[in-house]
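Report on the structure
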Amino acid sequence: MYDVAAVRAHFPALTAGYAHFDGPGGSQVPAEVANAVARTLVAPLANRGRVTASERAADDIVLAARRAVADLLDAEPGGVVFGRSMTQITFDIARTLAATWEPGDEVVVTSLDHDANIRPWVLAAEAVGARVRWAEFDPATAELPAEAVAEVLSPRTRLVAVTAASNLLGTCPPVRAITDLAHDAGALAYVDGVHVTAHLPVHVEALGADFFACSPYKFLGPHCGVLAAVPALLEELRPQKLLPSPDVVPERFELGTLPYELLSGTTAAIDFLAGLGTGDTRRDRIVTALGAIGAHEDRLRERIEDGLAQLPGVTVLSRAAHRTPTLLVTFADREPASAYAFLAERGVHAPAGTFYALEPSRRLGLGDGGALRIGLAPYVDDSDVDRLLTGLAEFLEA
């Protein structure tokens, strides 16, 4: 049985007394992660190498982080690239791939995606005269069917960018069906895994993702970005880099010295998640842990949905059959930003906005203002849900 009280005891931030429904924007961090970051910063450290103890420490941190991410995503350590953020990595890959495109080539993006998996491809396409085609999700159901992608594919398609889970609505589209369509068209598939990785076990190969990008700070880790790709594919690409920097994969995609302390924190976050599961390997423990976390989060999500259904004038826009525990909410006669502020005054953190998911917000008719987002995380408990529902009821009565 998932022991949320035991999990919460590892999170110093929770002692401040707030109820956190802001996990989709960045999770709180267990003490083990903060301690790993601190230990790295005060230990002997240098640029990577195998001669001095300081060099070996840096090298060991990077290699350990690659193995940890590989276990988290069921990927190959040699294809794990670290960067400042998922956005930065995606821009870098977009520019690198665009160098292989020609005028008239096409890229496919979706209106369900976060802008970090849209704008880099739009700008890269514009720079080389390629065409951008849009696959639209259905705002009535919040679903992005594979057929919507199929309709905009052509023999000139070079890449399909799609999210594995919407950070705004929680929708989990049929990624494998979409990547299969992309590959059948001769295109590559770039999957935004930022939101999904915090909630569901990921198997990069099973998703059919040529590139899978995510952010440790969404799954209890520090602020950095990660890309997992097939090493052989990375070998084919020639990113812009400094002349004396390493030319091997994956290092040639990592510009400058890596933030070793953040990589230590990333490994610690993955080990923390694994410690919540059971099994013979770290991968097994991660999968079982995320299964238990998912069941806990889904139970709380259902409680919230049932509570929202009892409140007047509340509309839940998160309607997809397969989705993460993330709810997007509007109010008939009140602004979402007002609910955001009202809850914040009562120690309940549920922000309002588009959260950089500008295109889905516009397609839902919310414009650039967005709506209230309620997101669950492994440390949220029933008392937090009680505070949220009570706060929203008071807001609507005020």
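All residue numbers refer to positions counted from 1 along the written sequence of the respective chain. Side-chain atom pairs in this predicted model are given and counted only at pLDDT of 80 or more, local residue features only at pLDDT of at least 70, and totals for whole chains, interfaces and linings cover all residues. As a rule here, side-chain values cover all heavy atoms of the structure and leave hydrogens and water aside.

Formed by 94 residues in total, the largest nonpolar core has its most connected members in Phe21, Leu308, Leu372 and Ile374. Runs of E in the DSSP output that reach at least two residues are strands. Runs of H or I that reach at least four are helices, and both are numbered from the N terminus. Considering each element in turn, this core owes the most residues, eight residues, to helix α3 (residues 53-73). Leu372 has contacts with Leu327, Leu328, Val329, Phe331, Pro336, Ala339, Tyr340, Leu343, Ala350, Pro351, Ala352 and Leu392, leaving out every residue within four places of it along the chain. Buried Ala, Val, Leu, Ile, Met, Phe, Trp, Tyr and Cys residues form a nonpolar core when they are joined through side-chain atoms within 4.5 Å. Each residue is placed in one exposure class: buried if its accessible area under a 1.4 Å probe, protein chains only, is under 20% of its type's maximum, exposed if it is over 50%, and partly exposed if it falls in between. Residue contacts are counted whenever heavy atoms from the two residues lie within 4.5 Å of one another.

This part is about the packing of α3 against helix α10 (residues 260-274). Axis definition: a line fit to C-alpha positions, over the contact stretch in the case of helices; interaxial angles, taken between N-to-C directions, run 0 to 180 degrees. At a closest axis distance of 9 Å, the pairing of α3 and α10 adopts a crossing angle of 35°. Both α3 and α10 take part in a crossing whose hand is left-handed. Counted together, Ala58, Ile61, Val62, Ala64, Ala65, Ala68, Val69 and Leu72 of α3 and Tyr260, Leu263, Ser264, Thr266, Thr267 and Ile270 of α10 form the full contact between these two elements. When its residues are assigned to classes, the contact of α3 with α10 shows 11 nonpolar, three polar and no charged. Note: crossing handedness is left-handed where the near helix turns anticlockwise from the far helix by less than a right angle, and right-handed where it turns clockwise. Three classes are used: nonpolar for Ala, Val, Leu, Ile, Met, Phe, Trp, Tyr, Cys and Pro, charged for Asp, Glu, Lys and Arg, and polar for all others, with Gly counted as polar.

Attention now goes to the sheet that holds strand β2 (residues 80-83). The seven strands lie next to each other as β2-β8-β7-β6-β5-β3-β4, forming an open sheet whose pairing is mixed. Looking at which strands have only one partner, the edges of the open sheet turn out to be β2 and β4 (131-135). Geometrically, the sheet is characterised by an average inter-axis angle of 20° between neighbouring strands, direction not taken into account. Where helix α5 (residues 119-128) meets the sheet, it contacts β3 (106-110), β4, β5 (157-163) and β6 (188-192), and its direction lies at approximately 160° from that of β3. We call two strands paired when DSSP finds no fewer than two bridges between them.

This paragraph deals with the state of the cysteines. Throughout, disulfides are identified as pairs of cysteine sulfur atoms within 2.5 Å of each other. According to the stated counting rule, one finds zero disulfides in the structure shown. With no disulfide partner, Cys224 has as its closest neighbouring cysteine sulfur the one in Cys214, 9.0 Å distant. Classification of Cys224 by relative accessible area gives buried; the value is 2%.

What follows concerns the pairing of β3. Counting buried residues in β3 gives five out of five residues, a clear majority hidden from the surface. Two strands pair when backbone bridges link them, and β3 and β4 are joined in this way by five bridges, in the parallel orientation. Bridge pairing in β4 places Thr110 opposite Ala135. With the strands pointing away from the viewer, any crossover whose connection runs clockwise from the first strand over the helix to the second is right-handed. This β-α-β element, β3 to α5 to β4, shows right-handed connectivity. Here β3 pairs with β5 via three bridges, running parallel. For Glu106, the partnering residue across the bridge sits in β5 and is Thr157.

Salt bridges are identified by distance alone: a Lys or Arg side-chain nitrogen within 4 Å of an Asp or Glu carboxyl oxygen. Counted by the stated rule, this structure contains 30 salt bridges. The salt bridge partner of Asp382 is Arg303, with a shortest N-O separation of 2.9 Å. Linking Asp382 in helix α14 (residues 382-397) with Arg303 in helix α11 (residues 282-309), this pair joins segments that are 79 residues apart in sequence. Among the residues examined, Arg303 registers a relative accessible area of 27% and is labelled partly exposed.

So, about the sheet that holds strand β10 (residues 326-331). The sheet built from four strands is open, its strands ordered β9-β10-β13-β12 with antiparallel pairing. Edge positions in the sheet fall to β9 (314-316) and β12 (352-353), since each of these pairs with one other strand and no more. Sheet topology note: the β10/strand β13 (residues 371-375) ladder contains four bridges and is antiparallel. Note that in β13 the partner of Leu328 across the bridge is Arg373.

In this analysis, rings of Phe, Tyr and Trp, with Trp reduced to its six-membered ring, are considered paired at centre separations within 6.5 Å, and the interplanar angle assigns stacked below 30 degrees, edge-to-face beyond 60, and tilted for intermediate values. Counted under the stated rule, the structure contains six aromatic pairs. Where Trp121 meets Tyr190, the ring centres are 5.0 Å apart and the plane angle is 65°; that geometry is what we call edge-to-face. In this pair, Trp121 is assigned in helix α5 and Tyr190 in strand β6, connecting sequence segments 69 residues apart. One aromatic cluster in this structure is built from Phe11, Phe272 and Tyr379. In this structure, Arg334 is placed above the aromatic ring of Phe395, and the distance from its NZ or CZ to the ring centre is 5.0 Å. Criterion for a charge above a ring: Arg CZ or Lys NZ at most 6 Å from the ring centre, at most 35 degrees from the ring normal. Over the face of the ring belonging to Phe355 we find Arg373, whose NZ or CZ atom lies 3.7 Å from the ring centre.

Attention shifts here to helix α2 (residues 31-42). Taking 1.5 Å of rise per residue, the 12 residues of α2 would be expected to cover 16 Å, and the 17 Å separating its terminal C-alpha atoms lies within 8% of that figure. All of the buried residues in α2 are Val33, Ala36, Val37 and Thr40. The arc that holds the buried residues of α2, viewed along the axis, is 95°, so those residues lie on one side. For α2, exposure combined with an orientation more than 90 degrees from the buried face picks out Arg39 and Val42. If you follow the buried residues of α2, they end up packed against α3 and α10. Helix span, as expected, comes to 1.5 Å for every residue beyond the first. Here the arc refers to the directions that run from the helix axis out to each C-beta atom.

We now examine unusual backbone geometry. Cis rather than trans, the peptide bond between Val249 and Pro250 has omega equal to 5°. With respect to the helices and strands, the residue Pro250 is situated in the loop between α9 (231-236) and α10. Of note, the phi angle at Leu220 is positive, near 80°, even though the residue is not glycine. Tracing the sequence through the fold places Leu220 in the loop between β7 (211-214) and β8 (225-229). Classification of Leu220 as buried rests on a relative accessible area of 2%. A positive phi angle is found at Phe355, which is not glycine, with a value near 55°. Along the chain, Phe355 turns up in the loop between β12 and α13 (358-363).

Before going further, it helps to spend a moment on the side chain of Thr157. Among the structural elements, Thr157 can be located in strand β5. Polar contacts, as counted here, are pairs of nitrogen or oxygen atoms within 3.5 Å of one another; within protein the pair requires one atom able to donate a hydrogen and one able to accept it, and residues that are adjacent in sequence qualify only if both atoms are side-chain atoms. A distance of 2.9 Å separates a polar side-chain atom of Thr157 from the backbone nitrogen of Ser154. Excluding its chain neighbours within four sequence positions, the residues that come into contact with Thr157 are Glu106, Val108, Val152, Ala185, Gly186 and Ala187.

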